[in-house]
Amino acid sequence: MLEEHALALGTLCIYWATLDSALAHLVATYLNSEPNGAAVVAPDISTRCEQIRKLSHVTGPDGEWRQCLVTLLNMIQGDLAEARNRYIHDDWSISQAGMVRIDRRPKLKRSQSRQPIQLITETSAVVPADWVYQLVNRTVDMVVAITFMGIDVRRWRKEGLTLKPPPQALELSNSKPLAELRRPAPKWWQKQPGPLSLR
């Protein structure tokens, strides 16, 4: 159980870094500079998304294409980043029910309506490795979509044509929120022992 989650979380880290790189390349494409220059302007994923959003209103394809890009950026900053941060930064514990993710961020909540507000210092949930894999899958889809958007910006700059969003990006921008998906892990994921051996 631990090996399966360790592999899933490691894979998530790798593809999140790839998404970060794809966004840096898109910033660089908008600025007509090198990716290292974009890293100075936008050093993290959230800032990169903000800069791309602003740059897309100054130059580049507009209309449906721009709306698709903005939707993808909102998904990255919202659903994806929140799930990734919880999976990577929360504590994990092994239980009979499975791997438990423990969120220790303090929150003010009502246990039920008409009840007083209470300070909650720990919430937990059983998280199957399939759910982590689902986030990995969505992150990989986002890398592909952002990469194709970068290719489009270069084409637009060279040819000046009105562009439709790439099919991969359009499909992703119209997809269900992450929480509504429950894809099973692929067969290779279930059979591979993973890089760790904790037995």
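Quick note: structure is the one above.
Note that the coordinates shown come from a computational prediction; the quantities given were computed from them, not determined experimentally. (Residues numbered from 1 in each chain as written. Predicted model: local features only at pLDDT ≥ 70, side-chain atom pairs only at ≥ 80, totals over all residues. Heavy atoms only, no water.)

Points about the packing of helix α4 (residues 64–89) against helix α5 (residues 129–159)
Put simply, α4 and α5 touch, their axes get as near as 11 Å, and they point 150° apart. Taken together, the axes of α4 and α5 are roughly antiparallel relative to one another. When the axes of α4 and α5 are compared, the crossing they make is left-handed. Residues Trp65, Cys68, Leu69, Leu72, Met75, Ile76, Leu80, Ala83, Arg84 and Tyr87 of α4 form the contact with α5, whose own contacting residues are Trp131, Val132, Leu135, Arg138, Thr139, Met142, Ala145, Ile146, Met149, Asp152 and Val153. When grouped by side-chain class, the residues that make up the contact of α4 with α5 number 17 nonpolar, one polar and three charged. (Axes fitted to C-alpha atoms, helices over the stretch in contact; angles between N-to-C directions. Helix = DSSP H or I, 4+ residues; strand = E, 2+ residues; numbered from the N terminus. Parallel < 35°, antiparallel > 145°, perpendicular 65-115°, else oblique. Left-handed = near helix turned anticlockwise from the far one by under 90°. Contact = heavy atoms within 4.5 Å. Nonpolar A, V, L, I, M, F, W, Y, C, P; charged D, E, K, R; others polar.)

Notes on the pattern of salt bridges
Counted by the stated rule, this structure contains 13 salt bridges. Across the pair Asp103 and Arg105 runs a salt bridge whose closest N-O atoms are separated by 2.6 Å. With a relative accessible area of 4%, Asp103 lands in the buried category. The partner of Glu122 in a salt bridge is Arg104, with the nearest N and O atoms 3.2 Å apart. Of this pair, Glu122 sits in the loop between β4 (117–120) and β5 (123–126) while Arg104 sits in the loop between β2 (98–103) and β3 (107–110), and the two are 18 residues apart along the sequence. Its relative accessible area of 43% is what places Arg104 among the partly exposed residues. (Salt bridge = Lys/Arg side-chain N within 4 Å of Asp/Glu carboxyl O. Buried < 20%, exposed > 50% of the residue type's maximum accessible area, 1.4 Å probe, protein only.)

Things to note about helix α1 (residues 2–31)
Note: α-helices contain 3.6 residues per turn, so residues at a spacing of three or four share the same orientation. Look at α1: 43 Å from first C-alpha to last across 30 residues, which is about the 44 Å you get at 1.5 Å a residue. Positioned one or two residues after α1, Asn32 has a phi angle of 55°, which is positive. (Expected span 1.5 Å × (residues − 1).)

A closer look at the pairing of β4
Where β3 lies against β4, four bridges are found, and the strand directions are antiparallel. Its bridge partner lying in β4, Leu108 is registered against Leu119. Connecting the antiparallel pair β3 and β4 is a turn made up of six residues, with Arg114 showing a positive phi of about 70°. (Pairing = 2+ DSSP bridges.)

Remarks on the pairing of β2
In terms of burial, β2 is largely enclosed, as six of its six residues are buried. Judged from the five bridges that link them, strand β1 (residues 91–95) and β2 form a sheet pairing that is antiparallel. Each bridged residue has a counterpart across the sheet, and for Ser95 the counterpart in β2 is Gly98. Between β1 and β2, which pair antiparallel one after the other, the connecting turn spans two residues. Strand direction decides the pairing type here: β2 and β5, joined by four bridges, are antiparallel.

Notes on the nonpolar core
Of all hydrophobic cores here, the largest spans 39 residues; its most connected members are Leu19, Leu23, Leu69, Leu72, Ile76, Met142 and Ile146. Where this core is concerned, the elements lending two or more residues are α1, α3 (45–56), α4, α5 and α6 (167–173). Ranked by residue count, the leading element in this core is α4, at eleven residues. (Core = buried A, V, L, I, M, F, W, Y, C linked by side-chain atoms within 4.5 Å.)

Section: the packing of aromatic side chains
Given two aromatic rings, their pairing is described by the distance between the two centres and the angle made by the two planes. Applying the stated criterion to the full structure yields one aromatic pair. Pairing Tyr87 with Trp92 gives two aromatic rings, centres 6.1 Å apart and planes at 50°, and the pair type is tilted. (Phe/Tyr/Trp six-rings, centres within 6.5 Å; stacked < 30°, edge-to-face > 60°.)

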